[in-house]
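# Tertiary structure, described
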Amino acid sequence: EAEVAQSPRYKITEKSQAVAFWCDPISGHATLYWYRQILGQGPELLVQFQDESVVDDSQLPKDRFSAERLKGVDSTLKIQPAELGDSAMYLCASSMGPGDEQFFGPGTRLTVL
Amino acid sequence: GIQVEQSPPDLILQEGANSTLRCNFSDSVNNLQWFHQNPWGQLINLFYIPSGTKQNGRLSATTVATERYSLLYISSSQTTDSGVYFCAVGGTETSGSRLTFGEGTQLTVNP
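Residues numbered from 1 in each chain as written. Chains lettered and ligands numbered in written order. Predicted model: local features only at pLDDT ≥ 70, side-chain atom pairs only at ≥ 80, totals over all residues. Heavy atoms only, no water.

### A short note on the pairing of strand E7 (residues 59-64) of chain B
All names here are of chain B. Here E7 lies mainly inside the structure; five of its six residues are buried. Of the strand pairs in this sheet, strand E6 (residues 52-56) and E7 are connected by five bridges, and their pairing is antiparallel. When the sheet's bridge partners are listed, Thr 53 is paired in E7 with Thr 62. Once E6 ends, the chain turns through two residues before running back antiparallel as E7, passing Gly 57 with a positive phi of about 65 degrees. If you look at the hairpin formed by E7 and strand E8 (residues 69-74), you'll find four residues sitting between the two strands, and Arg 68 has a positive phi there, around 60 degrees. (Buried < 20%, exposed > 50% of the residue type's maximum accessible area, 1.4 Å probe, protein only. Helix = DSSP H or I, 4+ residues; strand = E, 2+ residues; numbered from the N terminus. Pairing = 2+ DSSP bridges.)

### Structural notes on the state of the cysteines
Here a disulfide denotes a covalent bond joining the sulfur atom of one cysteine to the sulfur atom of another. By the definition in use, this model includes two disulfides over all chains. There is a disulfide in this structure between Cys 23 of chain A and Cys 92 of chain A, and the S-S distance comes to 1.9 Å. Disulfide Cys 23 of chain A to Cys 92 of chain A: torsion about the S-S bond roughly -70 degrees, handedness left-handed. Here the residue Cys 23 of chain A occupies a position in strand E3 (residues 19-24), and Cys 92 of chain A occupies one in strand E9 (residues 88-95), the gap between them amounting to 69 residues. Assessed through its relative accessible area of 0%, Cys 23 of chain A is described here as buried. Here Cys 23 of chain B pairs with Cys 87 of chain B through a disulfide, and the sulfurs are 2.0 Å apart. Between Cys 23 of chain B and Cys 87 of chain B, the S-S dihedral sits near -60 degrees, and the bridge is therefore left-handed. A residue pair is termed long-range when its members are at least 10 positions apart, and Cys 23 of chain B in strand E3 (residues 19-25) and Cys 87 of chain B in strand E9 (residues 83-90) qualify at 64 residues. With respect to class, Cys 23 of chain B is no different from Cys 87 of chain B; both count as buried. (Disulfide = S-S within 2.5 Å.)

This is the structure:
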């Protein structure tokens, strides 16, 4: 069964360090999303890609966060420098197209010390 | 932006009991999904149901789009049903295809 892959599953870092997360969507899915989930809350969108283009990054803290999907397949989300408040679960999702059913990966749990 | 309210926030059941979870949303949507988040944090797709009724085993869901609510029914609950259930909506004019999640319902099923 096709699944969204993410790595690493867990990441512990110190504040001011750089971290990067990787996502490989379901094959053939043109739309890719990065969400952040703070403990006790629902996920919130950080950035949405359609193929290799960013279509929504209105909630992405651009001073420290960046995201890319260079070939329109897998994607990387980077934080530099990490802050204590960045501790959260980072979830990647993909769908065939905008508005279609979204499928989520297992997430990366980030702890910033 | 669109508001999504889930009720109840917490629910404790005995194994075998039935339950209904509710999701209210504040705008017209083209996408509504129900998820179960397992203890490891993974979101498991339950239903993609922008309108109508669907059933999958002991679970069923109904969305009444014109009245802006959706219901998730769990029958004959099992301990493995425990976890957080999220409703998420998308496809609005203001939010595009991003999913906006409710705060979730924490379900505990006791043996």
